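Coordinates in review
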Amino acid sequence: MQQSYLEMYPSQTDEITIKKLVLVFKDNLWTILGLTGFITLLAIAYALAIPPAPKQYKATASFISPSDSSVIAINRFPLTSETAETIFTKYLKKLSSTTFKEKVFYSSDYLDEYLATFNHKNRPIADVENSVSEFINSIKLNKITTTNKTEILLENAYTISMQGNSVEFISRFLNEI
């Protein structure tokens, strides 16, 4: 007796109908909803439990060597004969000086605002001088260069930048420097 093709391979004749799918979904509805709800509650609890990361802002200022009219205006004073290059070199040297940055910081009364702004944990800072020193040394002075061979920079350009969680504070400090 020979078996028909359908009798030999009954699994290949099984059909999935929408009715069967709806019945399976209906039978497992509470399991699906319960598991989805539980995972959603876990995600919400996790999101509320982690502290938010402090926002970090970056303030950057770009500058170039002084114009000829600026050099002429400076040289109007007696006993001065500066060039654009000497003025720019002195300016860069002053910007690189930690002593100058500390003088601006302390003479302009930034300390109280610094302690209030950057102490986001509301705990006393144990070593204030070290903290201020780290803040001042976070200022970066970079020469602008180009990697594009066809692009040539006509000016001697630099940027000064700083990161922190108060854009107003770091912008004001960089502007004053």
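None of the values given here were measured: they were computed from a predicted structure.

The next subject is a nonpolar patch on the surface. Together, Leu 35, Phe 38, Ile 39 and Leu 42 make up an exposed nonpolar region whose accessible area comes to about 420 Å². Considering the arrangement of structural elements, one finds Leu 42 in helix 3 (residues 29-49). For Leu 42, a relative accessible area of 48% gives the class partly exposed.

Let us now look at the environment of Pro 66. As for its position among the elements, Pro 66 is in the loop between strand 1 (57-64) and helix 4 (68-74). The class for Pro 66 is partly exposed, based on a relative accessible area of 22%. Sequence separation between Pro 66 and Thr 86 is 20 residues, and the spatial gap between their C-alpha atoms is 10.0 Å. Excluding residues that lie within four positions of it along the chain, Pro 66 makes contacts with Val 71, Ala 84, Ile 87 and Phe 88.

To continue, consider the packing of aromatic side chains. In total, this model carries 15 aromatic pairs according to the counting rule given. A centroid spacing of 5.6 Å and a plane angle of 55° characterise the contact between Phe 88 and Tyr 158, whose relative ring orientation is tilted. Here the residue Phe 88 occupies a position in helix 5 (residues 84-96), and Tyr 158 occupies one in strand 3 (residues 157-164), the gap between them amounting to 70 residues. Look at Phe 88 and you get buried, because its relative accessible area is 5%. We classify Tyr 158 as buried; its relative accessible area is 16%. For the ring pair Phe 105 and Tyr 106, a centre distance of 5.3 Å and an interplane angle of 85° mean the geometry is edge-to-face. Note on Phe 105: relative accessible area 0%, which makes it buried.

Our focus in this paragraph is the nonpolar core. If you look at the biggest cluster of nonpolar residues, it comprises 22 residues, and the most contacted ones within it are Phe 105, Phe 135 and Phe 173. Put simply, the parts of the chain that give this core at least two residues each are strand 1, helix 5, helix 6 (98-107), helix 8 (128-137), strand 3 and helix 9 (167-176). When residues of this core are assigned to their parent elements, the largest contribution, 4 residues, is made by helix 9. Excluding its chain neighbours within four sequence positions, the residues that come into contact with Phe 173 are Lys 101, Val 104, Phe 105, Tyr 110, Phe 135, Ile 136, Ile 139 and Met 162.

Pairing in this open sheet of 3 strands is antiparallel, and the strands run 1-3-2 from one edge to the other. With one partner strand each, in any of the chains shown, strand 1 and strand 2 (140-143) form the two edges of the open sheet. Strand-to-strand twist of the sheet, defined as the mean angle between neighbouring strand axes without regard to direction, takes the value 20°. When strand 1 meets strand 3, the two strands line up antiparallel, connected through 8 bridges. For Lys 58, the partnering residue across the bridge sits in strand 3 and is Gln 163. Strand contacts of helix 5: strand 1, strand 2 and strand 3, with the helix running at about 160° to strand 1, the strand carrying the most contacts.

Mean pLDDT over the protein works out to 82, with 83% of the residues at or above the 70 mark. Mean pLDDT across the elements of the protein bottoms out in helix 1 (residues 5-8) (56) and peaks in helix 3 (95).

This part takes up helix 8. Three or more residues of helix 8 are buried, namely Ser 131, Val 132, Phe 135 and Ile 136. All buried residues of helix 8 lie within an arc of 135° about the axis, which places them on one face of the element. Facing away from the buried surface of helix 8 by more than 90 degrees, the exposed residues are Glu 129 and Glu 134.

This part is about the side chain of Ser 131. Residue placement: Ser 131 occurs in helix 8. Within the structure, Ser 131 has its side chain in polar contact with the side chain of Tyr 114 (distance 2.7 Å).

Calculation rules
Residues numbered from 1 in each chain as written. Predicted model: local features only at pLDDT ≥ 70, side-chain atom pairs only at ≥ 80, totals over all residues. Heavy atoms only, no water. Patch = residues over 30% accessible without salt bridge, like charges linked within 9 Å, V, L, I, M, F, W, Y side chains within 5 Å. Areas by Shrake-Rupley, 256 points an atom, 1.4 Å probe, with all protein chains shown as cover. Salt bridge = Lys/Arg side-chain N within 4 Å of Asp/Glu carboxyl O. Helix = DSSP H or I, 4+ residues; strand = E, 2+ residues; numbered from the N terminus. Buried < 20%, exposed > 50% of the residue type's maximum accessible area, 1.4 Å probe, protein only. Contact = heavy atoms within 4.5 Å. Phe/Tyr/Trp six-rings, centres within 6.5 Å; stacked < 30°, edge-to-face > 60°. Core = buried A, V, L, I, M, F, W, Y, C linked by side-chain atoms within 4.5 Å. Pairing = 2+ DSSP bridges. Axes fitted to C-alpha atoms, helices over the stretch in contact; angles between N-to-C directions. pLDDT = per-residue confidence, 0-100. Arc of directions from axis to C-beta. Polar contact = N/O pair within 3.5 Å; in protein donor to acceptor, adjacent residues only side chain to side chain.

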